[in-house]
Each structure stands twice: as C-alpha cells, then as structure tokens.
Amino acid sequence: MAEADPSIFAQMKPVEVREAADFAALSALLDEASAPFVVRGLVNDWPLVAAGRDSPRAARSYLLDKAHPVPFEVTIGQPGRDGRLFYEDDFAMNFRQARGKLADIFRGFDDNEGRADAPAIYLTSVDMKLFFDGLADENPSPVRDRGPRESIWIGTDTRVAAHNDFPRNLACCAVGRRRFTVFPPEQFRNLYIGPLENTPAGRAVSLVDFHDPDLAAFPRFAEALAHARIAELEPGDAIYIPSMWWHHVEGLEVFNVLVNYWWRDTPGFLGQPQDALNHAIWALRDLPQEERAFWRQLFDHYVFENPPEVAEHIPEPARGILAPLTAETASRIRTFLLRTLNR
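Because the structure is predicted, anything quoted here is derived from the model rather than measured.

Student: Before we go on, may I ask you to explain the nonpolar core in this structure?
Tutor: A general feature of soluble globular proteins is that nonpolar side chains tend to end up buried together. One finds Leu63, Ile152 and Leu170 to be the most contacted residues of the largest nonpolar core, which totals 45 residues. Setting aside residues up to four positions removed in sequence, leucine 170 forms contacts with Leu26, Leu42, Pro142, Val143, Ala238, Ile239, Tyr240, Val259, Asn260, Tyr261 and Trp263.

Student: Honestly, the sheet that holds strand 10 (residues 178-183) in this entry has me stumped. Any pointers?
Tutor: Pairing between sheet strands relies on hydrogen bonds along the backbone, with the strands arranged either parallel or antiparallel. Pairing is mixed in the open sheet, where 6 strands are placed in the order 1-11-10-13-8-4. In the strand order of this sheet, the two ends are held by strand 1 (13-14) and strand 4 (84-85), each with one partner. In this sheet, strand 11 (residues 229-233) lies alongside strand 1 in parallel orientation, the contact comprising 2 bridges. Residue pairing in the sheet places lysine 13 in a bridge with arginine 229 of strand 11.

Student: Help me understand a nonpolar patch on the surface, please; the structure alone is not making it clear to me.
Tutor: There is a patch of nonpolar side chains on the surface, built from Phe269, Phe294, Trp295, Phe299, Tyr302, Val303, Phe304, Ile321, Leu322 and Leu325 and spanning about 950 Å² of accessible area. Among the structural elements, tryptophan 295 can be located in helix 10 (residues 289-305).

Student: How should I be thinking about the environment of alanine 59 in this particular structure?
Tutor: Assignment of secondary structure puts alanine 59 in helix 4 (residues 56-66). It is 36 Å that separates the C-alpha atoms of alanine 59 and glutamine 272, two residues lying 213 residues apart in sequence. Beyond its immediate stretch of four places on either side in the chain, alanine 59 contacts Ala51, Gly52, Val175 and Phe255.

Student: Whenever I open this one, the pairing of strand 6 (residues 121-127) confuses me. Can you help?
Tutor: Regular strands place side chains that alternate from one sheet face to the opposite one. Counting buried residues along strand 6, 5 of its 7 residues qualify, which places the element largely inside the surrounding structure. The pairing of strand 3 (residues 72-77) with strand 6 spans 2 bridges and is antiparallel. Bridging from a neighbouring strand, isoleucine 76 pairs with isoleucine 121 of strand 6. With 4 bridges connecting them, strand 6 and strand 7 (residues 149-155) associate as antiparallel partners. Looking across to strand 7, one finds that tyrosine 122 is bridged to glycine 155.

Analysis parameters
- Residues numbered from 1 in each chain as written.
- Predicted model: local features only at pLDDT ≥ 70, side-chain atom pairs only at ≥ 80, totals over all residues.
- Heavy atoms only, no water.
- Core = buried A, V, L, I, M, F, W, Y, C linked by side-chain atoms within 4.5 Å.
- Buried < 20%, exposed > 50% of the residue type's maximum accessible area, 1.4 Å probe, protein only.
- Contact = heavy atoms within 4.5 Å.
- Pairing = 2+ DSSP bridges.
- Helix = DSSP H or I, 4+ residues; strand = E, 2+ residues; numbered from the N terminus.
- Patch = residues over 30% accessible without salt bridge, like charges linked within 9 Å, V, L, I, M, F, W, Y side chains within 5 Å.
- Areas by Shrake-Rupley, 256 points an atom, 1.4 Å probe, with all protein chains shown as cover.
- Salt bridge = Lys/Arg side-chain N within 4 Å of Asp/Glu carboxyl O.

Given below as structure tokens:
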C-alpha cells in the first residue's frame, strides 16, 4: 500500500494508552471509559498471535486448520487501488463480493503476495464460533463477561473509511499491524458522511480520503483533524472504541488479522437507532417547517427527555409502551411497526 502523507497523521495526538494486567483490570477500565484507549500486549498469549509472529502463512495455516468446510464471504477489491474499499465516482462500490472455501481464498493471498498490483482481499466480520472450531476458545475473549459478538477480520493492507458503530467495540490486533484514526461522535458534521443507505459495509462512511484529503472539497475536515486521535497497534495490542466514535481503519502489512468484540449495555430487545433515523427521514424530514417543529417537541417529550409527566397520569397497567420497555412490549412495538409499514 502506498503510504499516506505523514503530515496528516503526524499532527494527530495519540490515543491514550492504559494498563490492564488481566481481563478483570480491563473490565474496570471499560466501566469508567468515555473515550478510546489502547492496551498494549493485552492478547499477547493468543496462539493466533504467536502463529502470526512466525509468518503470515503460519497464521493462515493455523486458521485453516480450524475452519469449518463451508463457504466464506470475501470482498475483492480492484487491483491498483491501494487497498481502499470505497465508492466509484458514480457511488457504485469499487469491490465485489464472492464466496469460496477458506483454502481457496487463502491461496489467493499466497498468489498475490508481493505483487504491486494485487487486489485487496478482505474477509469481514466472520463469526468465530460459526465458521471455526475452537478458535474462540483457544484465543479467549477479553470481554467474555459482557456477552459480545465475536468476529474475525482477515485481509491484505486494506483501508476502511471512517465510520461508526452503535455497539461498544474492543478490537484486538492479532496478525500484522493496524492504524486506527478516531474522532468523537459529534465530528460527523466535519467528516462529510456519505449516503445512509448505500454504504460499503452497512454503516455510512466519511467521503474524505485520509491519504489524500481534498480540503477544497471538504474544508471542515481540517476541524475534524484537530479532534483526531491515532493509534498504531502491534500484534497483541487492543483498542477500545466507545459507541458512536468514528474510526478509520488501515491494515499496514500485506496480511492482517483483527479480532473484535461488539456489545451493548442496553437490552438486546431494543431496536436499532439507525432504523429510527431512517424512518424519521422518510416520515418527518420533508414536512413543512411548522409541522417538523411540533414533531420535534413530541420527540423531546416522549424520547429524549421522557419526564415523569409523560405517563404518570395513566394507570400503570394501561401505560403500554410508555412504561419502561420489556422484551414483551418491545416485541409489540416491532410487530406494530411491521404491520403498519407493510400496509
């Protein structure tokens, strides 16, 4: 991959490095953290990390020995694009999706290693327990007490545009090196976020090329850079990214493996906020201004403020979804929405 202009990253302050002697100490850090932090060597004792330190092929061999004989989804970029998985000029994607056995996909890594025009190859968010036998057990989760989703990301020296995620995220660099550039949630105004529904991987992304930022086209990005933090992870290191923090992610070696853990502190039966935003754009954004102003008051009253007077005048058995949500009432909301949306 062509290296970025070093001045872009050199001006950024580093993500804070914290100490965690064990997973229990990490849990305490997570409970108090409101910003990203790095823990060096958190998963140094993983067999996957040891295999990667031997060689990329040793790491692939280790993974292949544990892979289930099922098709894997793989993203394949275009040759000569410096690993950037992004949009074309017409906002079609500059990559394609394919399926194949892991042995065949890994053969593609072998065949393209060392080629200047090699395509990006990336297996994204692969469920470790569904697609591998014993991989999650041998390389134990540092946050297993939080019931996370455990995923593995395997790729060449790819670049993934800045995006955010609703769940909290602990990302562990297992093989190769990774660069994370992070921004606070409120910097969305300065990151020039692209389409909400046409996205490279399910989340809206910044349209700024971090390796060649066009400040004439994206002038507010200069303000975002003033709030940026950067972290380069070696094998065994981990970074914690709180909910909704923007992060731009790069694989810095020809072969990279990341294991990440997503979890939310709220019950799983709650809906996805992004769905609510999409629905609000559809239902509210293009209303006349005075009508939007009224709906803003209703949202403040029922959602963002939710004071006691919302429901205190209604007998408790009759409060329905105005009462604190349970799995049962959440299911009723979902059923009601599906029925109304399908009219």
